[in-house]
Amino acid sequence: MKMAQDLFEPAISQISAEHINRPSTTMMQDAWRRFKQNKLAMAGLITLGSLILFTFMGPYFIDFNYMDNDLMNQHLKPSWTHPFGTDALGRDTMARLMYGGRVSLAIGFVSVLINLSMGVFYGGISGYFGGRIDNLMMRIIDIIYSVPELLYVILLMVVIGKGGLLNIMIVLGIVNWMGMARIVRGQILALREQEYVLAARTLGANTRRLMLKHLIPNALGPIIITSALAIPSAIFMEAFLSFIGIGIQPPFASWGSLAAEGRLNIPSYPYALFFPAAAIAITMLAFNFVGDGLRDAFDPKMRK
Amino acid sequence: MEVEVKEEVILEVKDLVKHFPMGGGFFGQNQQVVHAVNGISFKVKKGETLGIVGESGCGKSTAGRTIIRLYEPTSGQIIFEGQDVTKSAGNDLLNLRRKMQMIFQDPYASLNPRMTVGDIVGEGLDIHKLASGQARTDRIYELLEVIGMNPEHANRFPHEFSGGQRQRIGIARALSVNPRLIICDEPISALDVSIQAQIVNMLEELQEKMGLTYLFIAHDLSMVKHISHRIAVMYLGRIVELADSFELYKNPQHPYTKALLSAIPIPDPRVEATRKRIVVQGTVPSPINPPSGCYFRTRCPHAKAVCAEQVPSLKDLGANHVAACHLL
């Protein structure tokens, strides 16, 4: 079949092929946009926000103090005056839950911050230098891991001094950094052979630049999700320490010590255990959802 | 398009060796060695393109990365503009990095997904403190224009671009520090054929405009022939033949080169039907335990006793043509 030449015309588009229609957005805007679309993550974030408001603002709106005894009103059931009831010394459970929440959340955040900085620093060095240094550093972690965690915590608590809020934060921070270090090390080890890292090295980037601009930002996803999961486990660990008596000391309270107190009288006063346990459970769920949401939001490859 | 090749040597590689230790115990016992590059020597003249071809695993990428000091050479010398690259450190090495740059193979792995295109292209400017503030922005826009992209792309992230566009961003990054020599490590093998031509043409244009010298590593023989002035053929970490590209394709001497060239399809069905492929038997020997003498002897149809005993040196066959074979 023959086609006449004049039936054709050059296909020159009016719009340049290089033009991108989508508006330009920064990484943080993009991440936030994707985070907002994730319903579970948003629910988790709102829950966490309300918990923080409850624990930090709540005490200003109620009439009871977390440490005032009222021996006439022991073991009260939940009522309008005491929405969550009272404990064995007649202290308002809601007030104690608010103060306990401050302690628990603070311990969760601060100990994970310590864990995070130690883990990223140690794992970063190990993964970046690799070879024999990496081998040695990872064997040290294996040795620390082989010591039972509880033994290690109790020893540290005895050495550093039991009871203080700051001490608990430090101890939990330095007990849990190994997992973070391993994850960061694995990430860095894989990333440092990436061509963009090689490209930065051929441009003359120094160690500091490679770490801060190329390696750690790209390992952020696993770091965020590990941190988000480490917070509830730190809260749990603190609860356990309080339970065996080397954690938060009365009259101060944490959700863990409240749950431990409640456990003593389950048959008669189950609500004394229910509220702190529910607070811990809700917090853990919320952190998990937020952690997952953050990971999806920060990972451009997951972009829909 | 002919680029005038000056006689001035910009890069000289002498007996470059790169071995990788592999495995072994905690204290380094039982260690095996991968013989990636086994003593290669060549010169690159200013303004020319030297192609390096060879099959996968023959050490061509390792050679490129060692020349730019991404790997520490085991032995040998690399002399760039009269300066010994292997002994450079600190500021000397940093200055060297301005003059020598690299373009990478995989456009999807060679751009940091967390950085904007502007920051990727501007990284060299930041490291070498070449420009800051408005001057930096202007320079980034200028570089984007050179590679045929719009300034508005500077705020985008790499994942918003196609493979060809990403490869162009990689080229802009290499150009940002005004290098004299660019090592192209298979820059087109991960791209569509239609985009390959676009990138190769762009590289040729840039060479003409900026007087660049290329070390072009590839396994696509027809593309290498198109862009290179001279071509080195590598086999198992050694150069087996080196000649002007036209000469090499017309008159290959080494049995490996002959086999390699016979694998190129000819875009003419009548000629293609009569094309005889020389099929080399067996597979490439392991670089952990290479054969004695000539590395190619285990697969060479013409191998003799001498091939197992002596390592063939590069013989001058005249007209800038050298080949390493006992039978020549």
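The preceding data block contains the structure.
Residues numbered from 1 in each chain as written. Chains lettered and ligands numbered in written order. Predicted model: local features only at pLDDT ≥ 70, side-chain atom pairs only at ≥ 80, totals over all residues. Heavy atoms only, no water.

S.K.: It is not clear to me how the packing of aromatic side chains should be interpreted in this structure. Could you clarify?
M.R.: The way to describe two aromatic rings as a pair is by their centre distance and the angle between their planes. Residues and elements named next belong to chain B. Scanning the entire structure with this criterion turns up nine aromatic pairs over all chains. Summarising the aromatic geometry, the rings of tyrosine 235 and tyrosine 256 are spaced 4.6 Å apart at their centres and angled 55° between planes, so their arrangement reads as tilted. Of the two residues, tyrosine 235 is situated in strand β9 (residues 230–235) and tyrosine 256 in helix α9 (residues 255–261); the sequence distance between them amounts to 21 residues. With relative accessibility at 3%, the residue tyrosine 256 sits in the buried group. Taken together, the ring pairs connect Tyr235, Tyr256 and Phe296 into an aromatic cluster. (Phe/Tyr/Trp six-rings, centres within 6.5 Å; stacked < 30°, edge-to-face > 60°. Helix = DSSP H or I, 4+ residues; strand = E, 2+ residues; numbered from the N terminus. Buried < 20%, exposed > 50% of the residue type's maximum accessible area, 1.4 Å probe, protein only.)

S.K.: Sorry if this is basic, but what is going on with the pattern of salt bridges here?
M.R.: It is possible for side chains of opposite charge to pair when their charged atoms get near one another. All names here are of chain A. On inspection of all chains with the given rule, the structure shows 18 salt bridges over all chains. Arginine 139 is the salt-bridge partner of aspartate 142, the closest N and O atoms lying 2.9 Å from each other. Remark: arginine 139 and aspartate 142 occur in helix α4 (residues 131–146); sequence separation between them is three residues, near one turn of the helix. Among the residues examined, aspartate 142 registers a relative accessible area of 29% and is labelled partly exposed. What makes arginine 139 partly exposed here is its relative accessible area of 38%. (Salt bridge = Lys/Arg side-chain N within 4 Å of Asp/Glu carboxyl O.)

S.K.: What is the right way to read the side chain of Asp185(B) from this model?
M.R.: Residues and elements named next belong to chain B. Within the secondary structure layout, aspartate 185 lies in strand β7 (residues 181–185). The class of aspartate 185 is buried, set by a relative accessible area of 2%. Beyond its immediate stretch of four places on either side in the chain, aspartate 185 contacts Ser61, Arg65, Met102, Ile103, Phe104, Gln105 and Ile217. (Contact = heavy atoms within 4.5 Å.)

S.K.: So what exactly am I meant to see when it comes to the state of the cysteines here?
M.R.: Two cysteines joined by a covalent bond between their sulfur atoms form a disulfide. Residue and element names in this part refer to chain B. Counted according to the given criterion, the structure contains zero disulfides over all chains. For the unlinked cysteine cysteine 58, the closest cysteine sulfur is that of cysteine 294, found at 14 Å. The structure places no disulfide on cysteine 294, whose sulfur is separated from the nearest cysteine sulfur, that of cysteine 307, by 5.8 Å. Given a relative accessible area of 11%, cysteine 294 falls into the buried group. (Disulfide = S-S within 2.5 Å.)

S.K.: How should the sheet that holds strand β3 (residues 49–53) of chain B be read in this particular structure?
M.R.: The strands making up a sheet associate through backbone hydrogen bonding, with each pair oriented either parallel or antiparallel. All names here are of chain B. On the basis of which strands lie adjacent, the open sheet formed by eight strands has the order β6-β7-β8-β3-β9-β10-β12-β11 and mixed pairing. Edge positions in the sheet fall to β6 (100–103) and β11 (315–316), since each of these pairs with one other strand and no more. Pairing between β9 and strand β10 (residues 238–244): six bridges, direction antiparallel. Following the sheet pairing, valine 233 is matched in β10 by glutamate 241. Along the sheet, helix α5 (residues 163–175) makes contact with β6 and β7, crossing β6 at roughly 175°. (Pairing = 2+ DSSP bridges. Axes fitted to C-alpha atoms, helices over the stretch in contact; angles between N-to-C directions.)

S.K.: Can you walk me through the pairing of β9(B) in this structure?
M.R.: Look at any regular strand and the pattern is simple: side chains alternate between the two faces of the sheet. Residue and element names in this part refer to chain B. Within β9, six of the six residues are buried, leaving the element largely enclosed by the surrounding structure. Burial of β9 is two-sided: the residues Arg230, Ala232 and Met234 facing one way and the residues Ile231, Val233 and Tyr235 facing the other way are all buried. Strand direction decides the pairing type here: β3 and β9, joined by four bridges, are parallel. Its bridge partner being in β9, leucine 50 is matched across the sheet by arginine 230.

S.K.: It is not clear to me how the nonpolar core should be interpreted in this structure. Could you clarify?
M.R.: The nonpolar side chains of a soluble globular protein tend to be buried, and buried together. Residue and element names in this part refer to chain B. One finds Val121, Leu144, Ile169, Ile171, Leu203, Phe216 and Val233 to be the most contacted residues of the largest nonpolar core, which totals 54 residues. Those residues in contact with phenylalanine 216, other than ones at most four positions away along the chain, are Thr49, Leu50, Gly51, Ile52, Cys184, Pro187, Ile188, Leu203, Val224 and Ile227. Core analysis: the second largest hydrophobic core is formed by 35 residues, Leu16, Ala36, Ala63 and Ile68 among them. (Core = buried A, V, L, I, M, F, W, Y, C linked by side-chain atoms within 4.5 Å.)

S.K.: Help me understand the packing of helix α5 (residues 149–160) of chain A against helix α6 (residues 165–175) of chain A, please; the structure alone is not making it clear to me.
M.R.: A pair of packed helices is characterised by two quantities: the angle between their axes and the separation of those axes. Residue and element names in this part refer to chain A. Two elements in contact, α5 and α6, have axes whose closest approach is 10 Å; the angle formed by their N-to-C orientations is 145°. As α5 packs across α6, the resulting crossing turns out to be right-handed. Between α5 and α6, the residues in contact are Glu149, Tyr152, Val153, Leu156, Met157 and Ile160 and Asn167, Ile168, Ile170, Val171, Ile174 and Val175, respectively. A per-class count over the contact of α5 with α6 returns 10 nonpolar, one polar and one charged. (Left-handed = near helix turned anticlockwise from the far one by under 90°. Nonpolar A, V, L, I, M, F, W, Y, C, P; charged D, E, K, R; others polar.)

Read these as layout, nothing more, since geometry by itself doesn't imply function.
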